[in-house]
Each structure stands twice: as C-alpha cells, then as structure tokens.
Amino acid sequence: MTSSFRITLLPGDGIGPEIMAVTVEVLKTIGRQMDLAFEFETALIGGAAIDATGEPLPEETLKICKASDAVLLAAIGGYQWDSLPRHQRPETGLLALRAGLGLFANLRPATILPQLVDASSLKREVVEGVDIMVVRELTGGIYFGSPKGIFETETGHKRGVNTMVYTDSEIDRIGKVAFATAQKRRGQLCSVDKANVLEVSQLWRDRITALAPDYPDVTLTHMYVDNAAMQLIRWPKQFDTIVTGNLFGDILSDAAAMLTGSIGMLPSASLGADGPGVYEPVHGSAPDIAGQDKANPLAQVLSAAMMLRYALDQPAAADRLEQAVTTVLDQGYRTGDIMSASMTQVGCQAMGEALLRVLV
Ligand code: NAD
C-alpha cells in the first residue's frame, strides 16, 4: 500500500533553491521506487519572503507548515537583508518558525564518512568511524531564562544578567527524545551537564537519571561539559548519543560537527512535542557561491534522509538515500568544498544527477 506524506518545502535564499531542487528530484525517485507518495508544497521564508510580502515568516507559510507531516528547509539570509531592522531580518523568520512549531529538540549528527576522513583537522585514527548524535535542548536554558538584560546598579555600574533555568518538565521532554534517539542508534546516551557547580544542572542530572528505567535498552552515562569538550577532541569514538542543554549543546554540536571537517555535509533536525519537525542543513545560504551551481547539495539530501527516518518512519528509504550519498562519494564525485586530489569536481546539479544514476 502506498504511504502518502505532505512535505512543506522552504527553499529560502542563496544556494537554498539550488540544493532544494536536487533534493526534491532525489525524493521523487525514492518515492517511486519505495511506494511513498510525497505531496510537496513550496512556501516562502527568509529574504525571499521579505521581498515578496515584507515579512520573514508570512502567516501563510506557518499555516502550510503546520498542516504538513514534515518541513524541509534549505537556508535563509543574505547581504541584501542585513541592514533591515531586526524584526524584518531573515533570521527572525527562522526563530519564528521554531517558536511557531514549538521545536524544542535539535538533533545534529556528526558522522565521518570514510571517503572524507582526510577533510578533518584531526588525525585519521582519531576520527575514523566517528558517528555521534548531539541532542540539544533548543527553547529553554540561559538563552531564554529571566531575568535577562543589562541593568544599572545603585552605584552607577552596569550589570549584565542572564539566567540559566530549566523546569523538570522541560528536562523530561528533551530527555525522552534523547533516549528514543539512542534506542534508534547504538543504545548509549551520555548526558552532559555542569552538576558539580550548577543547581540547574543537578536537577537536569536527577531528571535524566529518573527516566533511565523506562529505557532498559539504553545505557546512560553522565559527563561534565568541560570534560565532554576535551573528550570530543581526544577520543570522539566513545560517544554515541549526547543530550545536553541549550548553551552547552550550541557549543558542543559545533565542535562535534567540525570533527567531520566539511560543513556542506551536515544535516540537522528540530523536533517538537507533536506536529511537524524541521529538517535542514547546518550550513547557511552561502551567498558567496549562490547562483553559480557550486553548492554541495549533500547536507540537504542527508536532511531529507533524517526526515524519512525520524518524521516519516521510513528507515529503509533513509538508508537507501544515505547509501546513495556514500556511493557517489565512492565514485569520486566532489563539489568544490570537499574536493581533494584525483577526485572529479562537479557542480550542484551534476552531483544531483550522480545521485539519481545511483538510485535508478
Ligand atoms: P554559510 O554556512 O552560509 O557559509 C560559510 C562558508 O561555507 C561559505 O564560504 C560558503 O560558501 C560555504 N558553504 C556553506 N554551505 C555550503 C554548501 N552547501 N556547499 C558549498 N559551500 C558551502 O555561513 P555564513 O557565510 O556565515 O552565512 C551566510 C548567510 O547564511 C548569512 O545571511 C547567515 O545569517 C545565514 N545563515 C543561515 C543559516 C540557516 O539558514 N539555518 C545558518 C547559518 C547562517
């Protein structure tokens, strides 16, 4: 029986439309082969939406997203919108989308593909085989806690304040996503905090520990964030799934991502309690290469694979897509950002065609 899914496409700005076009063709092919019917609807976000409607996230876009099974986003932003007031900037559209869909969990895999081991700045033996998933809490913690601001003291000095705060329910909901993610991977979850110093981290550790009995197939460990930063560089292969708060996750997910050495290869997913998640590459809109057929579409394609796995529960289709990416790299195809000696340099469209040849 054919399974059908409604997918909202948000190509956005810069290289966004180019990498999205490749990804849609790949999804259509996979759909035909695996009896999956995708109903695509394209909507505006970011600079493209500002130009068309004056708003970085038109109401209509949020409505379309909410009515879909998953949202596939490319990237937003560009120099021409940088001087607009904050509420009209492309980034504001992205934050509004996350808020509008209640996306509290950010999943960022850092996987070293064997063909790209030499792109890492670390030694081959350290990074070979690395396959980490960072689950970051996205809507709480110090970025949102109050009080926040820069205040004048009674003695006329300035005082900058942010507050790191987590409630038990906020920790529980991200913890459940992390345990469920670890279950779909190798069954190891490392919770990262600073419980030796911060009370908010002590509560974090208590609540994550209390969830563990519900997931007997997952082994839970804890690590302080300063140690986690060291261990990620020293021996990253020890990690499977990491769960952590907003601030620590912001930093550690970037560090984990750079183990791979190639921003054009990194997908991500942002999930809410219910309703559709947003699947998008980690990189931005790369205005410096936009419109030149130079973009690497693979992070976008791998974001579609995450969508198939986590939103649509189609692991076989996700495997097939990820395998196609591995095969085109094996065949020696490289876009400029991951190019190395004796490989075949191709543009965005040609990389898409190579993927289609592998899939059919
Ligand atoms: P960027 O990720 O767009 O680009 C950084 C560098 O990596 C550039 O040299 C770019 O050419 C290259 N690059 C990125 N993706 C690539 C790909 N798929 N293939 C080949 N090369 C690639 O980051 P930036 O330059 O700091 O930001 C550019 C714009 O993107 C800004 O307006 C920024 O606000 C926006 N941005 C958006 C997002 C998002 O949509 N989630 C994330 C980060 C930045």
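This text follows the structure it describes.
Residues numbered from 1 in each chain as written. Predicted model: local features only at pLDDT ≥ 70, side-chain atom pairs only at ≥ 80, totals over all residues. Heavy atoms only, no water.

Caption draft 1: Summary view of the packing of helix H8 (residues 225-234) against helix H9 (residues 246-260). Here H8 crosses H9 at 10 degrees, and the two axes come no closer than 10 Å. Judged by the inter-axis angle, H8 sits roughly parallel to H9. In contact with Val225, Ala228, Ala229 and Leu232 of H8, H9 contributes Phe248, Leu252, Ala255, Ala256 and Leu259. Across the contact of H8 with H9, the residue classes break down as nine nonpolar, no polar and no charged. (Axes fitted to C-alpha atoms, helices over the stretch in contact; angles between N-to-C directions. Helix = DSSP H or I, 4+ residues; strand = E, 2+ residues; numbered from the N terminus. Parallel < 35°, antiparallel > 145°, perpendicular 65-115°, else oblique. Contact = heavy atoms within 4.5 Å. Nonpolar A, V, L, I, M, F, W, Y, C, P; charged D, E, K, R; others polar.)

Caption draft 2: Molecular detail of the sheet that holds strand S9 (residues 219-224). The strand order across the open sheet formed by 10 strands is S2-S1-S3-S12-S11-S4-S5-S10-S8-S9, and the pairing between neighbours is mixed. On the outer flanks of this sheet lie strand S2 (36-42) and S9, each paired with one strand and no other. Averaged over all pairs of adjacent strands, the angle between their axes in this sheet comes to 25 degrees, without regard to strand direction. In this structure, strand S1 (residues 3-12) lies alongside S2, joined through seven bridges in parallel fashion. Residue pairing in the sheet places Ile7 in a bridge with Phe40 of S2. Each of S1, strand S3 (70-75), strand S4 (103-111) and strand S12 (278-281) touches helix H4 (residues 90-100); the most contacted strand, S12, lies at about 150 degrees to it. (Pairing = 2+ DSSP bridges.)

Caption draft 3: Representation of empty space enclosed by the protein. Taken as a whole, this structure holds two cavities of 30 Å³ or more when the rule is applied. Here the largest cavity defines a volume of roughly 100 Å³. Met164, Tyr166, Ser201, Gly245 and Phe248 are the residues nearest the centre of the largest cavity, which is lined by 13 residues in total. Breaking the lining of the largest cavity down by element, the ones donating at least two residues are strand S8 (188-193), helix H7 (199-211) and H9. Among the residues making up the lining of the largest cavity, the classes are represented as eight nonpolar, four polar and one charged. (1 Å grid on protein atoms, 1.4 Å probe; cavity = no way out; pocket = protein on both sides within 12 Å on 5 of 7 lines; lining within 4 Å. Points joined across faces, edges and corners; volume = space filled by probe spheres on them.)

Caption draft 4: Geometry of the nonpolar core. Of all hydrophobic cores here, the largest spans 68 residues; its most connected members are Ile7, Leu72, Leu107, Met265, Tyr279, Leu308 and Leu321. With nine residues, helix H10 (residues 298-311) is the single largest residue contributor to this core. In terms of domain composition, this core takes at least three residues from each of domain 1 (1-102 + 273-360) and domain 2 (112-266). When sequence neighbours within four positions are dropped, the list of residues in contact with Ile7 reads Phe38, Glu39, Phe40, Glu41, Ser68, Ala70, Leu72, Met307 and Leu312. Val117, Val134, Leu232 and Leu259 belong to the second largest nonpolar core, which has 20 residues in total. (Core = buried A, V, L, I, M, F, W, Y, C linked by side-chain atoms within 4.5 Å. Buried < 20%, exposed > 50% of the residue type's maximum accessible area, 1.4 Å probe, protein only. Domains from an automatic or database assignment.)

Caption draft 5: Here's a closer look at the packing of aromatic side chains. A full pass over the atoms with the stated rule returns four aromatic pairs. Lying over the aromatic face of Phe104, Arg173 brings its terminal NZ or CZ to 4.1 Å of the ring centre. (Phe/Tyr/Trp six-rings, centres within 6.5 Å; stacked < 30°, edge-to-face > 60°. Lys NZ or Arg CZ within 6 Å of the ring centre and 35° of its normal.)

Caption draft 6: A look at the site of the ligand. Around the ligand sit 19 residues, and of these Glu91, Gly284, Ala286, Asp288 and Asn296 come closest. Separating a nitrogen atom of the ligand from a backbone N or O atom of Asn296 is a distance of 2.8 Å. When isolated, the ligand has an accessible area of 810 Å², and the protein chains bury 68% of it. A per-class count over the shell around the ligand returns nine nonpolar, six polar and four charged. (Near = heavy atom within 4 Å. Polar contact = N/O pair within 3.5 Å; in protein donor to acceptor, adjacent residues only side chain to side chain. Areas by Shrake-Rupley, 256 points an atom, 1.4 Å probe, with all protein chains shown as cover.)

Caption draft 7: Highlighting the pattern of salt bridges. Scanning all chains against the criterion turns up 18 salt bridges. Between Glu91 and Arg89 there is a salt bridge, with its nearest N and O atoms 3.8 Å apart. Classification of Glu91 as partly exposed rests on a relative accessible area of 33%. Asp193 serves as the salt-bridge partner of Arg205, at 2.9 Å between the closest nitrogen and oxygen. Of this pair, Arg205 sits in helix H7 while Asp193 sits in strand S8, placing them 12 residues apart in sequence. (Salt bridge = Lys/Arg side-chain N within 4 Å of Asp/Glu carboxyl O.)

Caption draft 8: Main features of the packing of helix H1 (residues 16-34) against H10. For the pair H1 and H10, the least separation of the axes is 9 Å and the interaxial angle reads 45 degrees. Here H1 is positioned oblique relative to H10, judged by the angle of their axes. In terms of crossing hand, the pair formed by H1 and H10 is right-handed. In contact with Ile19, Met20, Val22, Thr23 and Leu27 of H1, H10 contributes Gln300, Val301, Ala304, Met307 and Leu308. Here the residues of the contact of H1 with H10 sort into eight nonpolar, two polar and no charged. (Left-handed = near helix turned anticlockwise from the far one by under 90°.)

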